[in-house]
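Observations on chain architecture
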Amino acid sequence: MHRFFEAFFSPHAFRQVFPDVWNGFQTNIRMMVVAELLVLALALGIAVVRGLPGRGAWPLRALAVIYTDTFRGTPLILVALMIALGLPGLNIHGISDRSNFVYGVAALTLVYTAYVTEVYRAGIESVHGSQRMAARSLGLSYAQALRYVVLPQAVRRVIPPLLNDFVGLQKDTAIISVAGVTEATIQATNFSSSYFNFTGFVVAGVLFIFLTIPLARFTDHLIRERELRERALAG
Amino acid sequence: MSATAPSFVQLEGVTKRFGDNVVLKSVDLAVEEHEVVCLIGASGSGKSTLLRCVNLLERVDEGRIVFDGLDLTNGKVDVNALRRKIGIVFQAYNLFPHMTVLQNVTLAPRKVLGHSRNKARGRARELLRRIGLEEKAEEFPDRLSGGQQQRVAIARALAMDPKLMLLDEITSALDPQLVSEVLNLVRSLTEDFGMTMIIATHEMSFAREVADRVCFLDAGVILEEGPPDQIFAAPKQERTQEFLSRVIAAGRM
């Protein structure tokens, strides 16, 4: 029992490893913020493309479908490895000379945009057709009806599932350690292989939990609020 | 081509199908400016589809619709420009639930007509005052009764200064005690503005009162049309008589 505590919860090791893990964790936070902003914007664009009407738009729609199917189905760790190990070898100016941080953010963005596109799409489809019809009947163009009437309602409805996906994204920044980004997991791994002590992993784990709990509670709060509102309307 | 100028709204041989189902069968209808035409008939007779064809929410399969000298069915019409001139009010109000009443009324004037925020708001408040809902300007539609929501929907359509209003069974979703407030508003539109209107309705006494002409639709055909007194007091067609006697039996007249 003592050995177990010594290996995972050693106060001495904690003091030694905490600064490095904390440093690394700030990289996790940076990756998370940049990736989330990119995902929010890109996924919305792709969801809109998937919903474009008319026969002329089918190649764009097809591309959007292929993209989401591909990256929703590929494990993040594979995407991260392919990008971080594969791209530098190609010697393409502007692509092959990026930092591992950029590659890591790219991998997170590619995979999570595919998920979030589906979330947005569900939201857009949940807005009743009569809303679009009412907007168009007032003379608003397709784009204006989307921008002012459909999307505001759609986005509002999908905020809880969207935040839920972001909880996943925050945790998955740890996977980007395989791309050689010096983040919390790498720091903990380095410490454990030098000292045969795993307190660093526990520290990293606790930091991740502290990061995701507020978001998870906020999501719960939004869901509860919506339930109350809908019940008030039904009653 | 006849030499006479076409009417303000003119439908010629308009046919509309949904799959194998022919909803409108070669319908002819002419509406003059300032005229109020009521469409009556059972549910599924094609009243709503006819209205939706006029502002191109539904595409016509055959025939021609001319509005204000413009052939709507030639495929080159700018639908957005056309819809600025034609207001439509729906059975289910279709207000935008994420916007306040004022935002509902000002959206199209601002984004479509390019009016400034202040101009659009001033005009919207004036309209809301007319419909007696000025104090609800900052409320969300969910907080309003059905009758109030429908009045806001009418104000939203009027804010575009349409030349033609299409009313699609606008009282069908309302509790009976709320019907009159909406119908009073429509009545004032005909009396004060001389608004040209095509009204699909189940309210026979209202149709009798406001319509210049009543058209009875049956299975996608205008079976009979004429002044309200003739249609309601002395209908010629057997189907019209049947329909009206059913309506009277149901206590809707």
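Each helix and strand counted, chain A has 9 helices and 0 strands in total. Start at the N end of chain A and walk to the C end: the helices and strands fall as α-α-α-α-α-α-α-α-α. Taking 235 residues into account, the globule formula puts the C-alpha radius of gyration at 18 Å, and chain A, at 22 Å, lies well above it. Along the first, second and third principal axes, the C-alpha set of chain A runs to 70 × 55 × 25 Å. In chain A, which comprises 235 residues, the share counted as buried stands at 42%. Restricting the contact set of chain A to residue pairs at least 6 apart, pairs at least 24 apart contribute 77%. Of the roughly 12,500 Å² of accessible surface on chain A, 66% is carried by carbon and sulfur atoms.

If you walk through the whole model with that rule in mind, you get 3 cavities of 30 Å³ or more. Taken as a whole, the largest cavity holds about 80 Å³ of empty space. Contributing to the lining of the largest cavity are 15 residues, with Ser137(A), Leu138(A), Gly87(B), Ile88(B) and Ala157(B) lying nearest its centre. Among the secondary structure elements, those contributing two or more residues to the lining of the largest cavity are helix H6 (129-137) of chain A together with helix H2 (79-85), strand E6 (86-89) and helix H5 (146-158) of chain B. Among the elements that line the lining of the largest cavity, the one with the most residues is E6(B), at 4 residues. Split into classes, the residues belonging to the lining of the largest cavity amount to 10 nonpolar, 2 polar and 3 charged.

It is worth spelling out the pairing of strand E4 (residues 62-67) of chain B at this point. Residue and element names in this part refer to chain B. Judged from the 5 bridges that link them, strand E1 (residues 9-18) and E4 form a sheet pairing that is antiparallel. From the neighbouring strand, Val9 faces E4, where its bridge partner is Phe67. The sheet contact formed by E4 and strand E5 (residues 70-71) spans 2 bridges and is antiparallel. Paired with Val66 across the strands is Asp71, a residue of E5.

Attention now goes to the sheet that holds E1(B). Residues and elements named next belong to chain B. Pairing is antiparallel across the open sheet formed by 4 strands, whose spatial order is E2-E1-E4-E5. Strands with a single pairing partner mark the edges of an open sheet, and in this sheet they are strand E2 (21-31) and E5. For E1 and E2, the ladder comprises 7 bridges, and the chain directions are antiparallel. Following the sheet pairing, Gln10 is matched in E2 by Ala30.

If you walk through the whole model with that rule in mind, you get 15 aromatic pairs over all chains. A ring pair is formed by Phe216(B) and Phe243(B), whose centres lie 5.2 Å apart and whose planes are at 40 degrees; its orientation type is tilted. On the criterion of sequence distance, the pair formed by Phe216(B) in strand E9 (residues 213-218) and Phe243(B) in helix H9 (residues 238-249) is long-range, its members being 27 residues apart. Both residues of the pair, Phe216(B) and Phe243(B), count as buried. Connected via pairs of aromatic rings, a cluster forms that spans Phe4(A), Phe5(A), Phe8(A), Phe9(A), Phe198(A) and Phe201(A). Across the ring face of Phe96(B), the terminal group of Arg156(B) is positioned such that the distance to the ring centre comes to 4.4 Å.

All names here are of chain B. Residues other than glycine seldom take positive phi values, yet His34 does so here, at roughly 70 degrees. You can see His34 is positioned in the loop between E2 and strand E3 (36-40). His34 gets classed as exposed once you look at its relative accessible area, which sits at 52%. Of note in this structure, Leu56 is not a glycine but carries a positive phi near 65 degrees. Take Leu56: it is sitting in the loop between helix H1 (47-54) and E4. We classify Leu56 as buried; its relative accessible area is 8%.

On to the interface of chain B and chain A. The figure often quoted for interface size is the accessible area lost as the parts come together. Taken together, the contact between chain B and chain A spans 24 residues of the former and 18 residues of the latter. Of the roughly 1,800 Å² buried where chain B meets chain A, counting both sides, 64% is carbon and sulfur surface. If you sort the residues of chain B by the area they bury against chain A, Phe96(B), His98(B) and Lys111(B) come out on top, with a joint share of 29%. Here chain B and chain A share 0 salt bridges between them. Connecting chain B to chain A are 6 residue pairs in polar contact (both at pLDDT 80 or more). Those elements that place two or more of their residues in the side of chain B that touches chain A are H2, E6, helix H3 (101-111) and H5 of chain B.

The rules behind each value
- Residues numbered from 1 in each chain as written.
- Chains lettered and ligands numbered in written order.
- Predicted model: local features only at pLDDT ≥ 70, side-chain atom pairs only at ≥ 80, totals over all residues.
- Heavy atoms only, no water.
- Helix = DSSP H or I, 4+ residues; strand = E, 2+ residues; numbered from the N terminus.
- Rg over C-alpha atoms; globule rule 2.2 N^0.38 Å.
- Buried < 20%, exposed > 50% of the residue type's maximum accessible area, 1.4 Å probe, protein only.
- Contact = heavy atoms within 4.5 Å.
- Areas by Shrake-Rupley, 256 points an atom, 1.4 Å probe, with all protein chains shown as cover.
- 1 Å grid on protein atoms, 1.4 Å probe; cavity = no way out; pocket = protein on both sides within 12 Å on 5 of 7 lines; lining within 4 Å.
- Points joined across faces, edges and corners; volume = space filled by probe spheres on them.
- Nonpolar A, V, L, I, M, F, W, Y, C, P; charged D, E, K, R; others polar.
- Pairing = 2+ DSSP bridges.
- Phe/Tyr/Trp six-rings, centres within 6.5 Å; stacked < 30°, edge-to-face > 60°.
- Lys NZ or Arg CZ within 6 Å of the ring centre and 35° of its normal.
- Buried area = accessible area lost by both parts, 1.4 Å probe.
- Salt bridge = Lys/Arg side-chain N within 4 Å of Asp/Glu carboxyl O.
- Polar contact = N/O pair within 3.5 Å; in protein donor to acceptor, adjacent residues only side chain to side chain.

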